[in-house]
Structures are given as structure tokens and as C-alpha cells.
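Here's the letter readout for the chains.
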Amino acid sequence: MEIWILIAVIALFLLWAIVTYNQLIALKNEVKNAWKQIDVQLKRRHDLIPNLVTVVKGYMEFERETLEKVTSARARALSTAGLREKVSAENQLSQALSGLFAVIENYPALKSNENVLQLQEELASTENRIAFARQLYNDLVANFATRIESFPSNIIASVFGFRKADYYSIGEIDRSLPVADISTRQK
Amino acid sequence: MLFLLLLLMYFSVVISLFLGMLFFFPFYFMKTGSLVFWNDPLYIIVLTGFSLLLAGIHFWFSASGAVQSVMKSLGAITPDPEDGIHRRLKNIIDEIHVVTGQTRKIGCFVIPSLSMNAIAVADLKGNAAIAITEGLLSRLTRSQTEAVLAHEAYHILSRDCMEATIATSMFGMYAAMLEKLQNLGEEERSGLHPAFFLFWILLKFSQMLSMLISREREYRADAASVRMTRNPVAMAEALHLISRNWRGSGMIGSGLEMLCIINPQENELDESNGFFSNLMSTHPPIRKRIDILLKMVRVSIAELDRKLTSGTQTVNVSSGAAEPLYHLLDPKNKWQGPYALAELAALPWLLPLTWIRSGNDKSVERASENPLINAIFISRLNTAGKEASEFRCPSCKQSLSEMPYEKTKVYQCGFCRGVLVDNTKIPRIITRREKECTERIKSLAKAVTADNQRKIAIKKLKKTETQLKPLTSCPKCHNPMLRTFYSLAYLIEIDRCSFCNITWFDADELEMLQCMIENRMTATLDLS
């Protein structure tokens, strides 16, 4: 009799272990997939930048420096591997791009150029997509971390060596709170 | 036929409701013993089963295809990939797909209307779609559009829009239809048609349904939108803009109002608090919604109000290169010449519509009718570097070239400056205000309105038939085009092809129309 109870308890434990393990695997893969999504969007941005540079080049003889900053940031972002380095390179690229857009505002001919407008829209959209993909990724990483650290699933996690994924954190500059200055915002 | 089918279905719904009540409280009716066959349980069961089956079938069909039927009833179209602003809409929808991890596909539609509203629909099949009116789409900035779409997407993702859609498709759609019928046939309706009574019941049903839809869902969707876009001000601005404009009442039927971002009908119920209005209304007070949003960034509502009402017309984009001026008529109205063909090509005032007379025979023709001279125009077009389309200008007979106009594409004749516009694009163009209304266009518009008004008045007095004008033929199908006014309020003469749904505007007429609508230059006509 006692043997049967023991067997039942062990069977239940095994069942729970399997289910938990599978859930952890699913979460891990979701995190991985979300990271891939960020990659897809980053690649989209890298592909758009050369187009923008070629269109803008003719108009902006005086702003070589800004353009070079963008192209070199892109090259760096393309060549780096590893999450931390990549994140910092991409953040630099974002800054260089926003600098370029600020400069474009000073050129009326560029501002009303159909191609530039279209590229600007595409890049704005891509920036959003990167931000949203990052949001999704970080949410999933947080989920995964909670699952790994909380009892009792942390037992399975430590036995099978699940490790927390890194957050995609934004740079120090971006972290400062945006000031809601409603009077100067353009319509 | 369809109407009869609908009637049958609704009878079955009503009967099933009635019989369902009978089924649950059989004793009460048995005691009164009104009818003999009510006592036969088999009869009741068969009848109830049958009508429930019919009602169920109807429910399934109306609820499973709700996205399509709602979009169809609104006349919504899929976004045009060649249109800048529509492309932006598609981009934003793709961005939303990214933030949801591609778990749910959301379709997007554009409603060709000048009103400002957005609507989210989801159905049992798992289809979901967001529709936004041209008016809203064109007047919002990118971040405001993002906020509105995120709001609607939350309704879809949280599935609370599904309940509303099902409720709507059960009764609301038909209630909306009824409202349209009522508007259409005010004088035709002699007596009370039984169908109207039935529809009236359905209308009441749909109004009762709004009790089931909580106000909270709008607050939640606003919050979710801010969570996604991190921009409470944009959401507040969008709500403010929508609330100050025509929200589409009359165009969007009352059955659909719970799916909209702001109730198309303005009513006091929505704007008040308290238990009763909380129960009956589907949308919370807009002021409160904006207040909550603005509290997140510590901005007062008065500040927003001032900012939005003062700086509405800041967009001012120069239209690129200066337009070369073509004089349509030789100002002296004299025969000039003789010119050689090469000399003709150099003449700046030679146009396809210029009358020409060749040296040998004395016959007079339009320049475009002479193949040799016509070649000049073709080469002029080619040197202008414009891509020729397959359409030809109805008056000059030259091919039209594609031209970007107010972020969409129109076809323009390089000689007479007339424009060919697809009918679906007209509302877009009207709502967008990128092209400035210059003093010249304004005064032209005034003159044309006054002139046409006088013409109509004279025609009315004389009771003559419409004077025949040389009809232009459609650039696409070559059938004659119909010459009408854009509307009786905006007296711009346009040529419409009813087969291809395209409209030809002569030079400046499109700008004039825009200018008239923007400045409310309506004609006052005595139509009695």
C-alpha cells in the first residue's frame, strides 16, 4: 500500500517536473524569438540608411561630418557581436540619426523632397518597431526571470542550468526623463 | 429577397426569445391556459428547437463575418500603397504587430469620409480590423495616429471588442440600417410598415445592449495606448481633436457606436457621471479621459486647448519648383505667322488647344489634331522628364503625367493643368491642408461661385434645359463624361465618369474646391 502511495507521489513529482521544464523551454524560446525580432528590425534600419545617405548627400555639402557619423555608426553596428556591444553601437547609431534629422530640418529643399519624406517615414517607423520589439523582449525576459527565480520552478531551473537572459537596456542619455514641454512641440 | 430573408431570420430570433421565455416559465402560461397547443410539450420543444437553430445559424453567420460586413456597411477600403499617409497607417499597424509579437493579425481599413473617428472590429473567426476615417487620418500627426491605433488595437487584443462586435452584429448593424432607411424614406413611408416595427424592437435591443458594455474599457484602452506609445499628450491631443470636430454621426450608425473611439453621437449621457450614465453609456466623458491623460505629464487641459486652437495651420510646405505659366489664349486673338515647324516648337504660347491653320488648305483645327505639331507636345513632355501615363487629357489629348498632390497621386495634364482624380481620393485631398489656399485661388473661387450661382438662378427663371456643352470623353474608357457641380453647396463644375469613378478637374478647380471647403464658401441657393 505504502509503495503505491510512494509511486504515485514520485509520478506526480515527475509529471510536475516535466511540465515545468517544458514551460521553461517555451519561455526561453520566446525570449530567443523576441531577440530575433529586434535583429530583424535593426537590419531593416541598416538597410535603409545607405538610401537616406545617398539622397541627402547632394544637398548637404556642408554637413559631411554629420553624414560620416551616421555611416561610421552603421558600420560599427554591423560589425559588432555580443549583446552589450551591439546595444551600445545601436544606441550610438540612433543618436547619429536623430542628429541627421535635426540637420535636415534646416534644409527646406530636403524637407519637402518626396524621397526624403518617404525615407524619413520609413526610418521613424523602424525606430518605433525597434522600440516596440525591445519592449516585447524585455517583457519576456522579465517573465522568464520570474519563472527561474520563483519557487518551486527555481529547482528545475537550477538543475537544468537555465540562465537569465540579459535585458536590452537603453543608454544613459536616453534614460533621463523626457520633459513634456507642450508649448514648443510642433504640430 | 434579402430583405425577406432578414425578416424571416428576425422573426425566428424574436420567436425563439419569446418561446425561450415560455420554456423557462411554462407553468405560468399553463395555468392561464390561453391556448391548447401550448400544453403539448413536444410542439413547444420542436418549435423552440427550430427557431433556436435558425437564430443560432444567423448568429453564427453574422458574428463570424462581422469584420467584413461592418467594413462594407461603412464603405471602408484597404489602404492605398501609393499614398503617403496610407503608407504611414500601414507602417503603424506593422509596428503594433511587432509589439504584440506577431500573435494576432490586425487588418486596417480607411473609411472615405471627412468625419473624424476610428473603429475596431473583431469577430468569431478571429479576424480583426481597425478602420479610420480619411478625415482623422489626414489631420493627425504621426504620434497622434499611433496613439489612436494603439487604443483600438488594445480593444482587439484584450478581446473586449469582440463582445461589442458580436452584440453589434446581432442587432446593431440592422439598427444602423434602419436609421439609414428612416433618413432616406421620410416621405415615402406611408403608414407603419410591420418591418419597421420589428426594426424598432431591434433598435431598442441594441440600445439596451449598451448597458452591458462598460465604460471602463475606454479608460483601459487609453492607458494601454499610453503604455505602448509612452506619449500621453498625443493621445490627449487626438481625443481633443476628435471631440471638436464632426465625429461621423449619421455616417456611422448608432449600432456601431460602441466600437468607436469616441461616440459619433454627441449626447449628454456620455458627458455626465453618476450611476445611471455609467450604466447606460458606452463612452466615458471626454474631458475626464483627457484629464487623466494629461495628469500623467502634469499639463492642464486649458493649456492643451490653447495650444491646439491657436496653432492649427502651421504646416506650410512649398510646392517645389516654380510652375511655368501657360497662357491659354493668344492674348491678341490674332493670327500670327507664318512659322516653320521648328519655330512653332520655340513658341511659348503654343498649346494643344491653340487653333492652327496650315498653309495650303484653309481649314482650322486644334494644334493637337495635327500629328506633326502634336509631336512637339510629346517631345515637350519628354523633355520635362515626366513619366507619361496611359491616360490622355480630355481636352488637350496629351498623355497625363503622375503627380504627387497632398501626399497622394493624381494625374495632371502638363498643358492645360487639369487634373484627373480617382473618386476615392477626393475626400483625402479635401481634408489634407498641405497645399496652401493662396489669395489668387481664393478670389477665383469666390468669382466662380458667384458666377455659377447667377447662372443657376437664370436657368431657374427661364426654365430652360441644361445648355449643351461640348462633352469631354473619359480618359480611361472614352465614354462621355457627365458635367455636374461638385455639390449644390460647392459650385465647382467637374466632369465625372460614372463608369470608371474618376473625376476631371480643370486647371485650379481642385485647389478652388479645397479652398471653398476649407473656408466654408458655400453658395446660397434658393431651391424652392
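What you are looking at is a predicted structure, and each value in this text was computed from that prediction instead of being measured.

Calculation rules
- Residues numbered from 1 in each chain as written.
- Chains lettered and ligands numbered in written order.
- Predicted model: local features only at pLDDT ≥ 70, side-chain atom pairs only at ≥ 80, totals over all residues.
- Heavy atoms only, no water.
- Helix = DSSP H or I, 4+ residues; strand = E, 2+ residues; numbered from the N terminus.
- Buried < 20%, exposed > 50% of the residue type's maximum accessible area, 1.4 Å probe, protein only.
- Areas by Shrake-Rupley, 256 points an atom, 1.4 Å probe, with all protein chains shown as cover.
- Contact = heavy atoms within 4.5 Å.
- Patch = residues over 30% accessible without salt bridge, like charges linked within 9 Å, V, L, I, M, F, W, Y side chains within 5 Å.
- Salt bridge = Lys/Arg side-chain N within 4 Å of Asp/Glu carboxyl O.
- Lys, Arg positive; Asp, Glu negative; His and termini not counted.
- Charge placed at Lys NZ, Arg CZ, Asp CG, Glu CD.
- Axes fitted to C-alpha atoms, helices over the stretch in contact; angles between N-to-C directions.
- Parallel < 35°, antiparallel > 145°, perpendicular 65-115°, else oblique.
- Left-handed = near helix turned anticlockwise from the far one by under 90°.
- Nonpolar A, V, L, I, M, F, W, Y, C, P; charged D, E, K, R; others polar.
- Arc of directions from axis to C-beta.
- Pairing = 2+ DSSP bridges.
- pLDDT = per-residue confidence, 0-100.
- Core = buried A, V, L, I, M, F, W, Y, C linked by side-chain atoms within 4.5 Å.
- Phe/Tyr/Trp six-rings, centres within 6.5 Å; stacked < 30°, edge-to-face > 60°.

Q: I'd like a rundown of the overall build of chain A, residues and numbers included.
A: Counting secondary structure elements, chain A contains seven helices and zero strands. Listed by position from the N terminus, the elements making up chain A come as α-α-α-α-α-α-α. Across the 187 residues in chain A, those meeting the buried criterion constitute 36%. Of the roughly 11,200 Å² of accessible surface on chain A, a fraction of 60% belongs to carbon and sulfur atoms.

Q: Can you tell me about the side chain of Gln 412 of chain B, naming the residues and giving the values?
A: Its place among the elements puts Gln 412 of chain B in strand 8 (residues 408–412). Once residues lying within four places of it in the same chain are set aside, the contact partners of Gln 412 of chain B are Leu 400, Ser 401, Met 403, Arg 417, Gly 418 and Val 419 of chain B.

Q: So what's going on with a positive patch on the surface? Which residues, and what values?
A: All names here are of chain A. A cluster of like positive charges, contributed by Lys 28, Lys 32, Lys 36 and Arg 163, occupies part of the molecular surface. With respect to the element layout, Lys 32 can be found in helix 1 (residues 2–57). On the basis of relative accessibility, which here comes to 48%, the residue Lys 32 falls in the partly exposed class.

Q: Give a description of the pattern of salt bridges that names residues and reports values.
A: Residues and elements named next belong to chain B. Within the structure shown, the criterion is met by 21 salt bridges over all chains. Taking the shortest distance from any N to any O, the salt bridge between Arg 428 and Asp 80 comes out at 3.5 Å. Remark: Asp 80 occurs in the loop between helix 4 (66–74) and helix 5 (84–99) and Arg 428 occurs in helix 18 (residues 426–431); sequence separation between them is 348 residues. A single burial state applies to Arg 428 and to Asp 80, both of which are buried.

Q: So what's going on with the packing of helix 3 (residues 83–104) of chain A against helix 5 (residues 114–149) of chain A? Which residues, and what values?
A: Residue and element names in this part refer to chain A. Running from N to C, helix 3 and helix 5 cross one another at 150 degrees; their axes reach a closest spacing of 12 Å. Taken as axis vectors, helix 3 and helix 5 run roughly antiparallel relative to one another. By crossing handedness, the relation of helix 3 to helix 5 is classed as left-handed. Residues Leu 83, Ser 94, Leu 97, Phe 101 and Ile 104 of helix 3 touch helix 5, and the partners they reach there are Val 116, Gln 120, Leu 123, Glu 127 and Tyr 137. In the contact of helix 3 with helix 5, the residues fall into seven nonpolar, two polar and one charged.

Q: Break down helix 4 of chain B for me, with residues and values.
A: Residue and element names in this part refer to chain B. Every buried residue of helix 4 is listed here: Ala 66, Val 67, Val 70, Met 71 and Leu 74. Viewed along the axis of helix 4, the buried residues span an arc of 125 degrees, placing them on a single side of the element. Exposed residues on helix 4 whose side chains face more than 90 degrees from its buried face are Gln 68 and Lys 72. Gly 75 lies just past helix 4 and shows a positive phi near 70 degrees.

Q: Account for the pairing of strand 3 (residues 128–133) of chain B, naming residues and giving values.
A: Residues and elements named next belong to chain B. Of all six residues that make up strand 3, six are buried, and the element is covered over most of its length. Here strand 3 shows a buried face lined by Ala 128, Ile 130 and Ile 132 and a second buried face lined by Ala 129, Ala 131 and Thr 133. As judged from the five bridges shared by strand 2 (residues 118–122) and strand 3, these two strands associate in the antiparallel manner. Bridge pairing in strand 3 places Ala 122 opposite Ala 128.

Q: So, the confidence of the model for chain A: which residues are in play, and what are the values?
A: Residue and element names in this part refer to chain A. Per-residue confidence for chain A gives a mean pLDDT of 80, with 89% of residues at or over 70. No element of chain A has a lower mean pLDDT than helix 7 (residues 172–175), which averages 46, and none a higher one than helix 1, which averages 88. Counting interchain partners and residues more than four positions distant, the pLDDT-below-50 stretch residues 172–187 has 20 contacts.

Q: So what's going on with the nonpolar core? Residues and values would help.
A: With 64 residues, the main nonpolar core has Tyr 137 of chain A together with Leu 136 and Ile 261 of chain B as its most contacted residues. With nine residues, the single largest contributor to this core is helix 5 of chain A. Those residues within four positions of Leu 136 of chain B in sequence are excluded, and the remaining contacts are Ser 115, Met 116, Asn 117, Ala 118, Val 148 and Ile 242 of chain B. Grouped together as the second largest cluster of nonpolar side chains are 22 residues, Leu 48, Ala 73, Ala 89 and Val 103 of chain A included.

Q: Got a sec to walk through the packing of aromatic side chains? Specific residues and values, please.
A: All names here are of chain A. Counting across every chain of the model gives five aromatic pairs over all chains. Arranged with centres 5.7 Å apart and planes meeting at 40 degrees, the rings of Phe 13 and Trp 16 form a pair that is tilted. You can see Phe 13 and its partner Trp 16 sitting in helix 1, three residues apart, about one turn around the helix. Its relative accessible area of 49% is what places Phe 13 among the partly exposed residues. For the ring pair Tyr 21 and Phe 160, a centre distance of 4.7 Å and an interplane angle of 55 degrees mean the geometry is tilted. Linking Tyr 21 in helix 1 with Phe 160 in the loop between helix 6 (153–159) and helix 7, this pair joins segments that are 139 residues apart in sequence. For Tyr 21, a relative accessible area of 29% corresponds to the partly exposed category. A relative accessible area of 49% means that Phe 160 is categorised as partly exposed.

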